[in-house]
Amino acid sequence: MMNLQQPLLQINNVKKYYPIKGGILQRVQGHVKAVEDVTIDVYEGETLGIVGESGCGKSTFGRAVLRLEPLTEGSIVFKGQEIGTLSDRKLKAFKREMQMIFQDPYASLNPRQRVGDALEEAFIIHTSLSKKERKEKVLNLLDEVGLKAEHYDRYPHEFSGGQRQRIGIARAISLNPSFIVCDEAVSALDVSVQAQVIKLLKDLQEKHQLTYMFISHDLGVVRHISDRVLVMYLGNTAELAPADRIYDNPLHPYTKALLSAIPRPVPGRKRNRVKLEGDLPNPANPPKGCSFHTRCPLATVRCKEERPIWREVEENHFVACHEV
Amino acid sequence: MPASEAVATQSKLGKQTEGKQKVIVVTLKKLLKNRLAVFGLFIIFIQILMAVFAPWITHYSPVTQSLVNSELPVGSENHWLGTDNYGRDMWSRIVFGARISLVVGLVSVILGLTGGIALGLISGYFRKLDGWIMRFVDLLFAFPGILLAMLIIAMLGTSLVNVMIAISIWSIPTCARIVRGSVLSVKKQEYIVAMKSLGAGNSRILIKHILPNCMAPIIVFATMRMATAILSTSALSFLGLGAQPPTPEWGAMIAAGQDYMWTSPHMTIVPGIAIMLVVFAFNVLGDGLRDALDPNMDLG
Ligand SMILES: Nc1ncnc2c1ncn2[C@@H]1O[C@H](COP(=O)(O)OP(=O)(O)OP(=O)(O)O)[C@@H](O)[C@H]1O
Ligand code: SF4
Ligand SMILES: [Mg+2]
């Protein structure tokens, strides 16, 4: 399914800092280092899962890659073209190619807009289709995500969470994008509905050769849907490997800790539980050296001083840790 | 549709039938359960009828003098609300006064709202302009209430038109703050981010997505502001800064009636009651709308 030869996206040293303002004069007093140096290639047709604790910068990274916010630093090459520094105006053409599916199916649809009008808008913005052609497109979209033509004139609050998420998906695929960031796209749904929405996402991926960045805190779902999984910690990349390998043979101490926290599928098979102690450090003031050293069971003196480099320890398996 | 979602839809059916109706219907239904608001609506409806049909529901000109009939009391033959010191029919003057107060109120509220909404949208949405616009708004706020209106009239001269301008300028800062506040909360919503990721421009996002979701507080403000505008018009005219004699403006009528308080109290009491009723009506309607347009309500 995935084509390792051809990166669709080359993300290099991307940083995203948010200024912290304070005082009477609203001066910048520091920065929340939401994303601190992420380098990764995303291949055409793959699903890249991203996991990590709440607040580790997954959503920020997703938004930064879509250029919904300006980057603090770094470069993003999409289909051979640098978009990290492109102005908003020039970016418009790329917005067709990159879309997002949001976590909250209640908050991601304008409550005052009928579903048909909401889906039509993408075509108003990007095409010169007539009203009739646009309606036809929207009806096709509804059909494609498993909704009915009669839903065209309804308001979002008339739908269930799963149906709303389908509307969100329809909106994301309306312009035939090649890359979609799914930020906790199924986290808010009931388990049975989750499975249906995931199936829809997979079907659409196959049909349209979509590339997904699938952000979630649900490690089980991520394993199920992803080809490769990226583990993030405090804005940094900790480990990246094909999904099965990372679940069966995690190398980074943080990944081990994360995975040992999920219930084991096969009872009897023991896994050494690694417990995470302490809280996530403040991203405005991250620890020196390896950002994980404050909670790492293997931490050494070197970890407190020197930042581990992001390296490929075996084929397709990247880790940032001195002890691997 | 997959089975489990169909079930979810089924259980929502009760809500759905209600949801099919427009916001307006839902809001009106809630509003009509509020007795005070219904009373307010009734008074406003009567004022509108008087304003629209003024020439057809009166038999006398509101300005032509008839000294032989001066100072007739309430309940006189042919003049059921009596006449004033120049013998003008009080009913005609009240009816035409209703027209003036409605028009002045509407025009000044619409003008003020236009300015306030524009400033509020821009300052809430574009952070770079926010500081400057809010400084200007604070400047307008520095003058206590009606003093600002009086200051503007002092600069422009006394006339009803200038009263409208003054009151609309006075409405701008409050309206701008209300709108800015709503914009700040609406623009953080995911559906706004979704529109950005679709590549929608700022004006599309502001007008099609942010403004409609800020309407509830704007409608409440506009209704309450009608009361303020009507009261201020009369207050300014009472002080001689607005409508000039013989214009049948209610505040001006009270001012003219002051000298006849003991001989013809109806000259002050009748327009006084008119102002009171209308101001009360818009205020209770505004209150009712505030409750009916509960922002947490599931609107569609
Ligand atoms: N617009 C913003 N302004 C300032 N700080 C922000 C902003 N957005 C995110 N942050 C901060 O950046 C850090 C990373 O947030 P982010 O939402 O990316 O985390 P996340 O991994 O998606 O978490 P979750 O799993 O809870 O969604 C957090 O500390 C957050 O407070
Ligand atoms: S570098 Fe050191 S502190 Fe960081 S994860 Fe590896 S062992 Fe732990
Ligand atoms: Mg998130």
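Below or above, wherever it landed, is the structure these notes cover. Bear in mind that the values here come from a model prediction, so they are computed numbers and not experimental data.

## Some remarks on the overall build of chain A
Inference 1: Secondary structure assignment for chain A yields ten helices and twelve strands.
Inference 2: A compact globule built from 324 residues would reach a C-alpha radius of gyration of about 20 Å, and chain A, at 21 Å, matches this within 12%.
Inference 3: With the principal axes as the frame, chain A shows a C-alpha extent of 70 × 60 × 45 Å.
Inference 4: Taking all 324 residues of chain A together, 54% fall into the buried category.

## Considerations on the interface of chain A and chain B
Inference 1: In this complex, chain A contributes 41 residues to the contact, which on the side of chain B involves 30 residues.
Inference 2: For the pair chain A and chain B, the summed buried surface comes to about 3200 Å²; carbon and sulfur atoms form 53% of the total.
Inference 3: Summed over the shared surface of chain A and chain B, the result is one salt bridge.
Inference 4: Where E121 of chain A meets R204 of chain B, a salt bridge forms, and the shortest distance between an N and an O atom there is 2.7 Å.
Inference 5: Summed over the shared surface of chain A and chain B, the number is nine residue pairs in polar contact (both at pLDDT 80 or more).
Inference 6: For the side of chain A that touches chain B, the elements supplying multiple residues, two or more each, are α2 (88-95), β6 (98-101), α3 (115-126), α5 (161-173) and α6 (191-208) of chain A.
Inference 7: Looking at the side of chain A that touches chain B residue by residue, the classes come out as 14 nonpolar, 15 polar and twelve charged.

## Focus on the site of ligand 1
Residues and elements named next belong to chain A.
Inference 1: Among the 14 residues in the neighbourhood of ligand 1, the closest are listed as S54, G55, K58, S59 and T60.
Inference 2: One nitrogen or oxygen atom from the side chain of S59 is found 2.6 Å from an oxygen atom belonging to ligand 1.
Inference 3: Contacts to ligand 1 include T60, whose side-chain N or O atom sits 2.4 Å from an oxygen atom.
Inference 4: Contact with the protein chains removes 63% of the 630 Å² of surface that ligand 1 exposes when unbound.
Inference 5: Of all the elements in the fold, those that place two or more residues in the shell around ligand 1 are β2 (27-43) and α1 (58-65).
Inference 6: It is α1 that provides the largest number of residues to the shell around ligand 1, a total of four residues.
Inference 7: Here the residues of the shell around ligand 1 sort into five nonpolar, five polar and four charged.

## A word on the site of ligand 2
Residue and element names in this part refer to chain A.
Inference 1: Near ligand 2 lie 13 residues; those nearest to it are C290, C296, C303, C321 and E323.
Inference 2: Judged by the fraction of its atoms near the pocket grid, ligand 2 is located in the largest cavity.
Inference 3: The residue makeup of the shell around ligand 2, split by class, is nine nonpolar, three polar and one charged.

## Side note on the pairing of β6 of chain A
Residues and elements named next belong to chain A.
Inference 1: Alternating positions in β6 separate into two faces, M98 and M100 on one and Q99 and I101 on the other, with burial throughout.
Inference 2: Examined bridge by bridge, β6 and strand β7 (residues 179-183) share four bridges and lie parallel to one another. The residue of β7 that forms the bridge with I101 is C182.

## Concerning the sheet that holds strand β5 (residues 81-82) of chain A
Remark on secondary structure: sheet strands pair via backbone hydrogen bonds, oriented parallel or antiparallel.
Residue and element names in this part refer to chain A.
Inference 1: One open sheet holds the four strands; their spatial order is β2-β1-β4-β5, and the pairing between them is antiparallel. Single-partner strands in this sheet number two, and they are β2 and β5.
Inference 2: Packed onto the sheet, α1 meets β1 (7-22), β2 and β4 (73-78) and runs at close to 120° relative to β1.

## As for empty space enclosed by the protein
Inference 1: All told, the structure shown has four cavities of 30 Å³ or more when counted by the stated rule.
Inference 2: Looking at the largest cavity, it is lined by 14 residues, and the ones nearest its centre are P253, C290, C296, C303 and C321 of chain A.
Inference 3: Among the residues making up the lining of the largest cavity, the classes are represented as ten nonpolar, three polar and one charged.
Inference 4: Size it by volume and the second largest cavity reaches roughly 50 Å³.
Inference 5: Taken together, L66, R67, L68, L91, F94, K95 and M98 of chain A together with S197 of chain B make up the full set of residues lining the second largest cavity.
Inference 6: Among the elements that take part in the lining of the second largest cavity, α2 of chain A stands out by supplying three residues, more than any other.
Inference 7: Taken together, the residues of the lining of the second largest cavity sort by class into five nonpolar, one polar and two charged.

## Focus on helix α4 (residues 131-144) of chain A
Owing to its 3.6 residues per turn, the α-helix aligns residues three or four sequence positions apart on the same side.
Inference 1: The terminal C-alpha atoms of α4 of chain A lie 20 Å apart, and with 14 residues this matches the ideal 20 Å at 1.5 Å per residue to within 8%.
Inference 2: Among the structural elements, α3 and α5 of chain A are those in contact with the buried residues of α4 of chain A.

## Digging into the packing of aromatic side chains
For any pair of aromatic rings, geometry is given as the distance between the ring centres together with the angle between the planes.
Residue and element names in this part refer to chain A.
Inference 1: Considering all chains together, one arrives at nine aromatic pairs over all chains under this definition.
Inference 2: With centroids separated by 6.1 Å and ring planes inclined at 80°, the aromatic side chains of F78 and F94 adopt a geometry described as edge-to-face. In this pair, F78 is assigned in strand β4 and F94 in helix α2, connecting sequence segments 16 residues apart.
Inference 3: Classification of F94 by relative accessible area gives buried; the value is 16%.
Inference 4: Aromatic side chains Y233 and F292 sit 4.9 Å apart centroid to centroid with 75° between the ring planes, which places their arrangement in the edge-to-face category. Of the two residues, Y233 is situated in strand β9 (residues 228-233) and F292 in the loop between α9 (253-260) and α10 (301-305); the sequence distance between them amounts to 59 residues. Accessibility assignment for this pair places Y233 and F292 in one class, buried.
Inference 5: Taken together, the ring pairs in this structure connect Y233, Y254 and F292 into an aromatic cluster.
Inference 6: Cation over ring: K33 sits above Y17, and NZ or CZ is 5.8 Å from the ring centre.
Inference 7: Just above the ring of Y152 sits the side chain of K135; from NZ or CZ to the centre is 4.5 Å.

## With respect to the pairing of β2 of chain A
All names here are of chain A.
Inference 1: Where β1 and β2 come together, twelve bridges link them in antiparallel fashion. Across the sheet, residue Y17 finds its bridge partner in β2, namely K33.
Inference 2: Between β1 and β2, which pair antiparallel and follow one another directly, the connecting turn spans four residues, one of which, G23, has a positive phi of 75°.

Scoring rules and cut-offs
Residues numbered from 1 in each chain as written. Chains lettered and ligands numbered in written order. Predicted model: local features only at pLDDT ≥ 70, side-chain atom pairs only at ≥ 80, totals over all residues. Heavy atoms only, no water. Helix = DSSP H or I, 4+ residues; strand = E, 2+ residues; numbered from the N terminus. Rg over C-alpha atoms; globule rule 2.2 N^0.38 Å. Buried < 20%, exposed > 50% of the residue type's maximum accessible area, 1.4 Å probe, protein only. Contact = heavy atoms within 4.5 Å. Buried area = accessible area lost by both parts, 1.4 Å probe. Salt bridge = Lys/Arg side-chain N within 4 Å of Asp/Glu carboxyl O. Polar contact = N/O pair within 3.5 Å; in protein donor to acceptor, adjacent residues only side chain to side chain. Nonpolar A, V, L, I, M, F, W, Y, C, P; charged D, E, K, R; others polar. Near = heavy atom within 4 Å. Areas by Shrake-Rupley, 256 points an atom, 1.4 Å probe, with all protein chains shown as cover. 1 Å grid on protein atoms, 1.4 Å probe; cavity = no way out; pocket = protein on both sides within 12 Å on 5 of 7 lines; lining within 4 Å. Sits in = over half its atoms within 2 Å of the grid points. Pairing = 2+ DSSP bridges. Axes fitted to C-alpha atoms, helices over the stretch in contact; angles between N-to-C directions. Points joined across faces, edges and corners; volume = space filled by probe spheres on them. Expected span 1.5 Å × (residues − 1). Phe/Tyr/Trp six-rings, centres within 6.5 Å; stacked < 30°, edge-to-face > 60°. Lys NZ or Arg CZ within 6 Å of the ring centre and 35° of its normal.

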